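Each chain is listed here by its residues.
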Amino acid sequence: MTLTYATLTIDLPYAESKKSRRAVTNSIKERLKNMNCSVLDISGEYPKEAEIALAFLSSSEQEAKRKIEKTEQMLESRFPQIEASIEFELL
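Residues numbered from 1 in each chain as written. Predicted model: local features only at pLDDT ≥ 70, side-chain atom pairs only at ≥ 80, totals over all residues. Heavy atoms only, no water.

Participant: Please explain the pairing of strand β1 (residues 2-11) as it appears in this structure.
Facilitator: Put simply, side chains in a regular strand alternate between the two faces of the sheet. Strand direction decides the pairing type here: β1 and strand β3 (residues 49-58), joined by 10 bridges, are antiparallel. Across the sheet, isoleucine 10 pairs through a bridge with alanine 50, a residue of β3. As defined by bridge partners, β1 adjoins strand β4 (residues 83-90) across eight bridges and the pair is classed as antiparallel. Across the sheet, aspartate 11 pairs through a bridge with glutamate 83, a residue of β4. (Pairing = 2+ DSSP bridges. Helix = DSSP H or I, 4+ residues; strand = E, 2+ residues; numbered from the N terminus.)

Here is the structure:
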């Protein structure tokens, strides 16, 4: 079993308040939960930036990398207006 911990960093240039940031992060968190990931919003005070921590188990490193790629594809297709990057660690 492989434990994967990842941090999703999101730039929200159009977000004017924490409320608008929260709307986007909640939508992303729900989609990640549907992919069997544990998620936590770890964003700071600045409304134009968001961070989401996620963790999941997989049977192999290859499967974990496929899930990260699937997450990136989901973000690009469902949220084209945001810029996101993922940093991950396999344990």
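Back to the text.
Participant: Would you mind showing me how to read the packing of aromatic side chains here?
Facilitator: Working definition: an aromatic ring pair is given by the centre-to-centre distance plus the angle between the planes. Under the counting rule described, the total for this entry stands at zero aromatic pairs. Looking at lysine 67, its charged tip hangs above the ring of phenylalanine 56, at a distance of 4.8 Å from the centre. (Phe/Tyr/Trp six-rings, centres within 6.5 Å; stacked < 30°, edge-to-face > 60°. Lys NZ or Arg CZ within 6 Å of the ring centre and 35° of its normal.)

Participant: Honestly, the pattern of salt bridges in this entry has me stumped. Any pointers?
Facilitator: Inspection of the entire model under this criterion finds three salt bridges. Among the ionic pairs, glutamate 16 bridges to lysine 48, the shortest N-O distance being 3.6 Å. Here glutamate 16 is found in the loop between β1 and α1 (18-34), whereas its partner lysine 48 is found in the loop between β2 (38-41) and β3, with 32 residues between them in sequence. (Salt bridge = Lys/Arg side-chain N within 4 Å of Asp/Glu carboxyl O.)

Participant: Would you mind showing me how to read the environment of threonine 9 here?
Facilitator: For threonine 9, the position within the fold is in strand β1. Using a relative accessible area of 28% as the deciding quantity, one classes threonine 9 as partly exposed. Not counting residues within four places of it along the chain, the set of residues in contact with threonine 9 comprises Ala50, Glu51, Glu83, Ala84 and Ser85. (Buried < 20%, exposed > 50% of the residue type's maximum accessible area, 1.4 Å probe, protein only. Contact = heavy atoms within 4.5 Å.)

Participant: For this particular structure, what's the right way to read the environment of arginine 21?
Facilitator: Summarising the element assignment, arginine 21 is placed in helix α1. Once the C-alpha coordinates of arginine 21 and cysteine 37 are considered, the two residues, 16 residues apart in sequence, prove to be 20 Å apart. With sequence-adjacent residues up to four places away left out, arginine 21 is seen in contact with Leu12, Ala15, Ser43, Gly44, Glu45, Tyr46, Pro47, Glu49 and Ala50.

Participant: What should I look at first to understand α1 in this one?
Facilitator: Note on helix geometry: an α-helix contains 3.6 residues per turn, so any two residues three or four positions apart are oriented the same way. End to end, α1 covers 24 Å across 17 residues, agreeing with the expected 24 Å (1.5 Å per residue, within 8%). Listed in full, the buried residues belonging to α1 are Arg21, Val24, Thr25, Ile28, Lys29 and Leu32. Taken end-on, α1 shows its buried residues confined to a sector of 135 degrees, consistent with a single buried face. For α1, exposure combined with an orientation more than 90 degrees from the buried face picks out Lys19 and Asn34. Considering only its buried residues, α1 is in contact with β1, β2, β3 and α2 (61-78). (Expected span 1.5 Å × (residues − 1). Arc of directions from axis to C-beta.)

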